[in-house]
Amino acid sequence: MTRVFIHGLESSSQGDKGRYFRERYPDMIIEDYFGSLEQRMETLRKRLEGKADLILVGSSYGGLMAAIFACEQEERVRKLVLLAPALSLPGFAPYLNRRLCVPTALFHGSGDDVVPPEPVREIAEQVFLNLSYNRVVDDHSLHETFSSMAWDSLINIKQDGTYQ
């Protein structure tokens with residue numbers, strides 16, 4: 001299995017979430033993405049070339065990227081964890097008619113003033129057939145809840161370090 005974290009538009013691999021994952025899951029792929037959505041997607045596709053059983057964790061714009069990747073290559077994705085994903089942006093419009101069976105856990109802060117939660121929930125419920133939707137009392141970055149989330153369970157790691 002290959003775990004991947006995809007940061008948001010204004011962040012980098014050195015942001016809070018990137019550092020968190022790097023410290024706890026050293027095998028996780030944590031890259032920097034720059035440029036347009038298509039340039040970022042091309043970087044992601046190249047980095048994941050030849051890899052399967054992917055667990056994609058995407059934050060905000062990175063959630064948009066993870067969802068697009070899953071729509072394009074569902075057979076390679078084992079699980080999605082989307083953190084306030086920017087699914088309501090025009091870049092996801094070509095995928096609105098897709099129906100994905102990939103297990104998807106989505107977390108969105110009720111106080112998000114960057115990516116409105118309700119349109120994202122509607123899109124997610126339409127596209128992701130195996131969705132666990134979690135609206136939490138938090139902001140866009142999930143400052144209050146991120147570090148206390150059950151990450152070992154979310155990214156399929158048992159206590160002994162083996163995959164579930």
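Look above for the structure.
Now for a look at the structure at hand. (Residues numbered from 1 in each chain as written. Predicted model: local features only at pLDDT ≥ 70, side-chain atom pairs only at ≥ 80, totals over all residues. Heavy atoms only, no water.)

All right, on to the packing of aromatic side chains then. Evaluation of the coordinates by the stated rule reveals eight aromatic pairs. Pairing phenylalanine 92 with tyrosine 95 gives two aromatic rings, centres 5.8 Å apart and planes at 35 degrees, and the pair type is tilted. Like phenylalanine 92, the residue tyrosine 95 is buried in the burial classification. Ring centres of phenylalanine 146 and tryptophan 151 lie 5.2 Å apart, and the angle between their planes is 50 degrees; this geometry places the pair in the tilted category. Taking the relative accessible area as the measure of exposure, phenylalanine 146 reaches 7% and is therefore buried. We classify tryptophan 151 as buried; its relative accessible area is 1%. Pairwise contacts between aromatic rings join Phe5, Tyr20, Phe21, Tyr25, Phe146 and Trp151 into one cluster. The residue whose ring lies beneath lysine 17 is phenylalanine 146, and the NZ or CZ to ring-centre distance is 5.5 Å. (Phe/Tyr/Trp six-rings, centres within 6.5 Å; stacked < 30°, edge-to-face > 60°. Buried < 20%, exposed > 50% of the residue type's maximum accessible area, 1.4 Å probe, protein only. Lys NZ or Arg CZ within 6 Å of the ring centre and 35° of its normal.)

Moving on: the side chain of aspartate 138. Within the secondary structure, aspartate 138 is located in the loop between β6 (131-136) and α5 (151-154). Here aspartate 138 is buried and forms no salt bridge, its nearest opposite-charge partner lysine 17 lying at an N-O distance of 8.5 Å. In this structure the side chain of aspartate 138 is engaged in a polar contact, spanning 2.9 Å, whose partner is the backbone nitrogen of glutamate 144. With near-sequence residues (within four places) excluded, aspartate 138 lies in contact with Gly109, Ser110, Gly111, Asp112, His143, Glu144 and Thr145. (Helix = DSSP H or I, 4+ residues; strand = E, 2+ residues; numbered from the N terminus. Lys, Arg positive; Asp, Glu negative; His and termini not counted. Salt bridge = Lys/Arg side-chain N within 4 Å of Asp/Glu carboxyl O. Polar contact = N/O pair within 3.5 Å; in protein donor to acceptor, adjacent residues only side chain to side chain. Contact = heavy atoms within 4.5 Å.)

It is worth spelling out the sheet that holds strand β4 (residues 77-83) at this point. Read from one edge of the open sheet, six strands run β2-β1-β3-β4-β5-β6, paired in parallel fashion. Edge positions in the open sheet fall to β2 (29-30) and β6, since each of these has one partner strand only. Examined bridge by bridge, strand β3 (residues 54-59) and β4 share six bridges and lie parallel to one another. Note that in β4 the partner of serine 59 across the bridge is leucine 83. (Pairing = 2+ DSSP bridges.)

This part is about the nonpolar core. Formed by 35 residues in total, the largest nonpolar core has its most connected members in Leu44, Leu56, Leu80, Phe92 and Phe128. Ranked by residue count, the leading element in this core is helix α3 (residues 61-72), at nine residues. Here phenylalanine 128 is in contact with Ala67, Leu80, Leu82, Leu87, Phe92, Leu100 and Thr104, once residues within four sequence places are set aside. Formed by 19 residues, the second largest nonpolar core is a distinct cluster that contains Ile55, Leu83, Phe107 and Ile155. (Core = buried A, V, L, I, M, F, W, Y, C linked by side-chain atoms within 4.5 Å.)

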